[in-house]
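An overview of the molecular structure
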2 protein chains.
Amino acid sequence: MASLRKTDRHAEDETLVETPDLEEFIGYNLKRAYVIVQADFRRALGEDGFAPRVFSALSLVVQYPNVTQSGLARMLGIERSGLVAIVDELEGRGLLKRTNVPGDRRVQALVPTDKGKSVYGEARAAVRAHEDRLLANLSLDEKATLMALLGKIRAGEE
Amino acid sequence: MASLRKTDRHAEDETLVETPDLEEFIGYNLKRAYVIVQADFRRALGEDGFAPRVFSALSLVVQYPNVTQSGLARMLGIERSGLVAIVDELEGRGLLKRTNVPGDRRVQALVPTDKGKSVYGEARAAVRAHEDRLLANLSLDEKATLMALLGKIRAGEE
DNA sequence: CCCATATTGTTAATCTAGTAAACAGTTTAT
DNA sequence: ATAAACTGTTTACTAGATTAACAATATGGG
């Protein structure tokens with residue numbers, strides 16, 4: 001019964017695969033692209049720069065002063081328990097203050113400091129530079145299209 | 001010097017913000033979209049289904065039988081140390097086998113089992129269904145465009 | 001051949017991001 | 001007044017990933 005060997009190995013049959021299944025999935029390509037952009041963000045902002053989520057939080061606090069922590073968590077799409085450390089870091093760096101609100105003694109309104117506003121301005125410029133450099137092979141039109149399509153994915157939720 | 005109060009609070013000045021800075025950044029929108037798709041993937045594949053990365057690994061093993069662990073890690077863009085647990089899980093479920101290669105006693109070639117191939121077929125169908133449902137508000141053209149643009153981001157690296 | 005260098009799979013330690021559950025204090029609604 | 005809901009917080013936990021080290025093995029140069 002020499003014909004029953006099941007472990008025949010055809011060695012290099014990669015040539016049989018025209019296009020890998022994975023490339024057909026949006027989720028896979030989305031993740032790969034996200035990992036690249038996120039890694040470059042960190043590289044660009046450096047050792048003592050902001051992590052992406054801290055930058056995002058600061059951005060919203062600067063643009064929505066007096067936002068509440070729960071509100072900020074909702075905007076970011078994370079749990080409010082997870083926001084505590086982020087706000088701690090920003091407050092520790094002197095970029096925002098937790099302030100109490102007259103009408104409601106539960107909430108802590110988040111107010112950017114002057115330093116927070118100027119530091120955010122610099123960080124935003126650094127992030128813009130990082131994206132411009134990393135995505136240099138996309139035209140402005142392509143970037144706009146990409147944003148619109150990503151927005152459509154987000155619009156499907158809520 | 002009554003004019004030096006720095007803590008004036010304008011309360012609801014959200015109306016001053018036309019469009020939040022964050023929305024201008026590709027990285028932010030990429031992450032938000034990725035989180036949505038990834039969460040739906042897990043929901044769709046259920047409790048004992050595959051995590052995205054395990055599905056990806058199985059996909060590549062089925063399509064590139066006899067791929068080596070190092071090779072697979074390179075394809076997935078992760079460290080080979082991180083791949084061990086993934087391959088352990090797939091082997092534990094009886095979906096692939098680690099086999100030794102005649103020429104080189106270091107490597108473990110990964111070969112899908114028959115069960116592995118059929119289970120992968122079903123999983124792939126489930127993933128396709130999940131993406132079709134989740135991304136129903138994108139046309140085929142839009143999906144193709146999105147894939148192409150994500151591919152361009154990946155092409156920037158390598 | 002010998003020796004330095006590199007590669008493979010693996011383990012262990014560590015880090016980050018994030019969730020879930022519980023909580024005390026406070027507010028809102030019935 | 002009492003129940004329900006909300007806010008910020010802590011704690012415990014999970015998933016994903018990286019780094020460094022290691023033994024076994026392979027490769028290339030003298």
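Read on for a plain summary of the structure. (Residues numbered from 1 in each chain as written. Chains lettered and ligands numbered in written order. Predicted model: local features only at pLDDT ≥ 70, side-chain atom pairs only at ≥ 80, totals over all residues. Heavy atoms only, no water.)

Right, let's get into the protein's contact with DNA strand D. In the region of DNA strand D, 23 residues are neighbours, and Lys31(A), Thr68(A), Ser70(A), Arg80(A) and Arg105(B) sit closest. If you look at DNA strand D and keep only atoms within 4 Å of the protein, 65% of those are sugar or phosphate atoms. When residues of the surface near DNA strand D are traced back to their parent elements, those giving at least two are α3 (69-76), α4 (80-92) and β3 (104-112) of chain A together with α4 (80-92) and β3 (104-112) of chain B. Grouping the amino acids of the surface near DNA strand D by side-chain chemistry returns four nonpolar, eight polar and eleven charged. (Near = heavy atom within 4 Å. Helix = DSSP H or I, 4+ residues; strand = E, 2+ residues; numbered from the N terminus. Nonpolar A, V, L, I, M, F, W, Y, C, P; charged D, E, K, R; others polar.)

To continue, consider the pattern of salt bridges. In the structure shown here, the tally under the stated rule is 24 salt bridges over all chains. Note that Arg98(B) and Asp88(B) form a salt bridge whose closest N and O atoms lie 2.9 Å from each other. One end of the pair, Arg98(B), is in strand β2 (residues 96-101); the other, Asp88(B), is in helix α4, and ten residues separate them in sequence. Overall, Asp88(B) belongs to the partly exposed group, its relative accessible area being 39%. Taking the shortest distance from any N to any O, the salt bridge between Arg106(B) and Asp104(B) comes out at 2.9 Å. A network of salt bridges, in which partner residues are shared, links Asp40(A), Arg43(A) and Arg133(A). (Salt bridge = Lys/Arg side-chain N within 4 Å of Asp/Glu carboxyl O. Buried < 20%, exposed > 50% of the residue type's maximum accessible area, 1.4 Å probe, protein only.)

Taken together, the contact between chain B and chain A spans 59 residues of the former and 57 residues of the latter. Per-residue buried area on chain B facing chain A is highest for Ile26(B), Tyr34(B) and Arg154(B); these three make up 12% of the total on that side. The partner of Glu142(B) in a salt bridge is Lys152(A), and the shortest N-O contact between them spans 3.0 Å. Connecting chain B to chain A are 22 residue pairs in polar contact (both at pLDDT 80 or more). Contributions of two or more residues to the side of chain B that touches chain A are made by α1 (26-45), α2 (52-63), α3 (69-76), β2, α5 (114-134) and α6 (140-156) of chain B. Of the residues in the side of chain B that touches chain A, the class split is 29 nonpolar, 14 polar and 16 charged. (Contact = heavy atoms within 4.5 Å. Buried area = accessible area lost by both parts, 1.4 Å probe. Polar contact = N/O pair within 3.5 Å; in protein donor to acceptor, adjacent residues only side chain to side chain.)

Another aspect to go through is the relation of the copies chain B and chain A. Between chain B and chain A, the superposition needs a rotation of 180 degrees and an axial shift of 0.0 Å, giving an RMSD of 0.0 Å. Look at the turn and shift together and you get a two-fold axis relating the two. Across chain B, the smallest distance between a C-alpha and the rotation axis is recorded for Leu146(B), namely 3.2 Å. In this assembly the copies share their binding face: 93% of the residues contributing to the interface of chain B also contribute to that of chain A. (Least-squares fit on C-alpha atoms with pLDDT ≥ 70 in both.)

Let's shift gears to the packing of aromatic side chains. Aromatic rings in a pair are described by how distant their centres are and how their planes are angled relative to each other. For the coordinates displayed, the defined rule picks out seven aromatic pairs over all chains. A ring pair is formed by Phe55(A) and Phe25(B), whose centres lie 5.7 Å apart and whose planes are at 70 degrees; its orientation type is edge-to-face. Of this pair, Phe55(A) sits in helix α2 (residues 52-63) while Phe25(B) sits in the segment before α1, on two different chains. Taken together through their ring pairs, the aromatic side chains of Phe25(A), Phe41(B), Phe55(B) and Tyr120(B) make up a single cluster. (Phe/Tyr/Trp six-rings, centres within 6.5 Å; stacked < 30°, edge-to-face > 60°.)

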